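One-letter residues, chain by chain:
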Amino acid sequence: MATQEETFKKIVAHCKEYGFVFPSSEIYDGLGAVYDYGQNGVELKNNIKRYWWDSMTLLNENIVGIDAAIFMHPTTWKASGHVDAFNDPLIDNKDSKKRYRADVLIEDQLAKYDEKIEKECAKARKRFGDSFDEQMFKQTNGRVLEYVTKRDALHERFAQAMNDSNLEELKQIIIDEEIVCPISGTRNWTDVRQFNLMFSTEMGSTADGAMKIYLRPETAQGIFVNFLNVQKTGRMKIPFGIAQIGKAFRNEIVARQFVFRMREFEQMEMQFFVRPGEELKWFDHWKQFRLRWHKALGLGDEKYRFHDHDKLAHYANAATDIEFQMPFGFKEVEGIHSRTNFDLSSHAKHSGKKIEYFDPEINQSYTPYVIETSIGVDRMFLSVMCSAYEEQALDGGDTRVVLHLPPVLAPVKACVMPLVKKDGLPEKAREIMDMLKFDFKMAYDEKDSIGKRYRRQDAVGTPFCITVDHDTLNDGCVTVRFRDTMTQERVKIAELHELIRKATDPKELYKQIVNA
RNA sequence: GCGGUAUUAGCACAUCGGUAGUGCAUCGGCUUCCCAAGCCGAGGAGGUGGGUUCGAUUCCCAUAUACCGCUCCA
């Protein structure tokens, strides 16, 4: 594991050194957990996004895209549950240095009362045997009644405090209930603090007329609030999906592991609307479709696994993650959730608008159920980089650093280089550049020895190097050098276009996804 | 947000209470070459802000950032 951590550090360093990812505002010492993509990173990222977008909107004729604004009406986040659920009251124990959610500590205390009550019942059940009447016992036994009273009182006080977001009261409850830290066993608590995971800002130019609005913590809600717009104007018939790529923002308490958890990140989400009762069938369909999308890239089938959720979020009735093997373990890259009709009905309730679909096949109106596929662009980027990075030992004791990027995603598809910087070779190389540059992202290099130039392209993952030598001027052939094998092949200039196209055309991958 | 560790050039590292040095990389030139060859030349650094001191990159404090652990994670 130590060497894997070492590898991860090297990948981070490599990302910076070769223009993939830079810390944000680095000249001002950076900004925590915010990163910028460099000249190579942005190409790779754009290629990932294009691969995803086309696999959704081209391969599925019932999926269309939208691009919703980052700012949304504040009520959106009440309806989605983010205002409540993204506001965790936290408290630290000063002795053990552990942090807990204050509400969880109090809920545990409630559970303890329930346990005590159950214990009393169990004892009595043993004593009285078959004649035991639990209802009667609970209503009459002194000790049980005492526990019930305490529990109900606590519950009411707790609910009231949570409802008012009264942090002092939450701390007072913890003190009054003599709740101790499970680790240190002490009651030496800090104040309860609120960590709102949503970023907020003001809309409106005058101070008093301004409205507090949030930067979206997920892109999904932009799709839900546009459900009727798209369904009606696009004449969409269920089942159908809406895809979106966009930025989202979360004020993470701890953001770490490079671009894996950032405060500003990009999501690619598709919400698929289905008839109630058919959601689990579609859930399974999308699980398999999405896994094929990942595997088609050829990063290694064994690096993927599903992680099904046992504990489901409040809106879901099935959920799974696609995890990828990073240097720091299997980590979630994509989530697939069966979100029921939670979001649409919640928006209907909060907006007062009817959000339903009339299904002509069964002659009924209903609120559609939703299957969500949600993948983090930055996490996808990281999994591609991690699996591509290799320090390769060569015959002769040399090593080279090479990025085995899938050619479809590679920032630069090919680099043209004259073997020497004279004898008309650079001019010939430029001709080849001009021939290819409208179709592919190309690079040109004539500095340093040919070997050094090959290594430079290896380091940014360019799949092909095209070398122009003296023979080229006579026979119209060039040497194509392949990144992964380092082998070379003599190719006619006229055939270069097709060679590069075949290797870098996403169409080949789409066929795998559809035909599997 | 807590605790620990760290921060010197693009990268890796060194030195020193009083000229900050090396390798790789970068740029220009020579060599003209199919896997980081060689030669000549150039540019580029002490995270930031204070304090101690005649003098601080070095000692002290604060702060920022990163890493590790905890906590959190729709």
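Quantities reported herein were computed from a predicted structural model and do not represent experimental measurements.

1. As for the pattern of salt bridges
- Applying the stated criterion to the full structure yields 31 salt bridges.
- One salt bridge connects Arg 490 with Asp 475, and the closest N-O pair in it is separated by 3.4 Å. Placement of the pair is Arg 490 in strand E23 (residues 488-492) and Asp 475 in helix H16 (residues 470-475), with a sequence separation of 15 residues.
- Look at the salt bridges and you will find they share partners, linking Glu 218, Arg 339, Asp 343 and Glu 372 into a network.

2. Focus: the packing of helix H2 (residues 39-57) against helix H13 (residues 377-388)
- Relative orientation of the contacting elements H2 and H13 amounts to 110°, with a least axis distance of 10 Å. The orientation of H2 relative to H13 falls into the category roughly perpendicular. Considering the relative orientation of H2 and H13, their crossing is right-handed. Between H2, through Gly 41, Leu 44, Lys 45, Ile 48 and Lys 49, and H13, the contact on the second element is made entirely by Val 377, Asp 378, Met 380, Phe 381, Val 384 and Met 385.
- Classifying every residue of the contact of H2 with H13 gives 7 nonpolar, 1 polar and 3 charged.

3. So, the sheet that holds strand E19 (residues 414-418)
- One open sheet accounts for 5 strands, arranged E20-E19-E21-E22-E23; its pairing is mixed. In the strand order of this sheet, the two ends are held by strand E20 (442-444) and E23, each with one partner. Within this sheet the neighbouring strands show an average axis-to-axis angle of 30°, counted without direction.
- In this structure, strand E22 (residues 477-482) lies alongside E23, joined through 5 bridges in antiparallel fashion. Bridging from a neighbouring strand, Cys 477 pairs with Lys 492 of E23.
- The strands touched by helix H15 (residues 450-460) are E19, strand E21 (464-468), E22 and E23; relative to E19, the strand with the most contacts, the crossing angle is about 170°.
- Taken strand by strand, helix H17 (residues 496-504) contacts E19, E21, E22 and E23, and its axis lies near 170° from that of E21.

4. Points about unusual backbone geometry
- The linkage connecting Ile 238 with the following residue, Pro 239, adopts the cis geometry, with an omega of 5°.
- Mapped onto the secondary structure, Pro 239 falls in the loop between helix H10 (227-233) and strand E9 (240-249).
- Positive phi is not limited to glycine here, since Asp 423 has a value of about 60°.
- Position of Asp 423 among the secondary structure elements: in the loop between E19 and helix H14 (425-436).
- Residue classification places Asp 423 among the partly exposed positions, given a relative accessible area of 44%.

Scoring rules and cut-offs
Residues numbered from 1 in each chain as written. Chains lettered and ligands numbered in written order. Predicted model: local features only at pLDDT ≥ 70, side-chain atom pairs only at ≥ 80, totals over all residues. Heavy atoms only, no water. Salt bridge = Lys/Arg side-chain N within 4 Å of Asp/Glu carboxyl O. Helix = DSSP H or I, 4+ residues; strand = E, 2+ residues; numbered from the N terminus. Axes fitted to C-alpha atoms, helices over the stretch in contact; angles between N-to-C directions. Parallel < 35°, antiparallel > 145°, perpendicular 65-115°, else oblique. Left-handed = near helix turned anticlockwise from the far one by under 90°. Contact = heavy atoms within 4.5 Å. Nonpolar A, V, L, I, M, F, W, Y, C, P; charged D, E, K, R; others polar. Pairing = 2+ DSSP bridges. Buried < 20%, exposed > 50% of the residue type's maximum accessible area, 1.4 Å probe, protein only.

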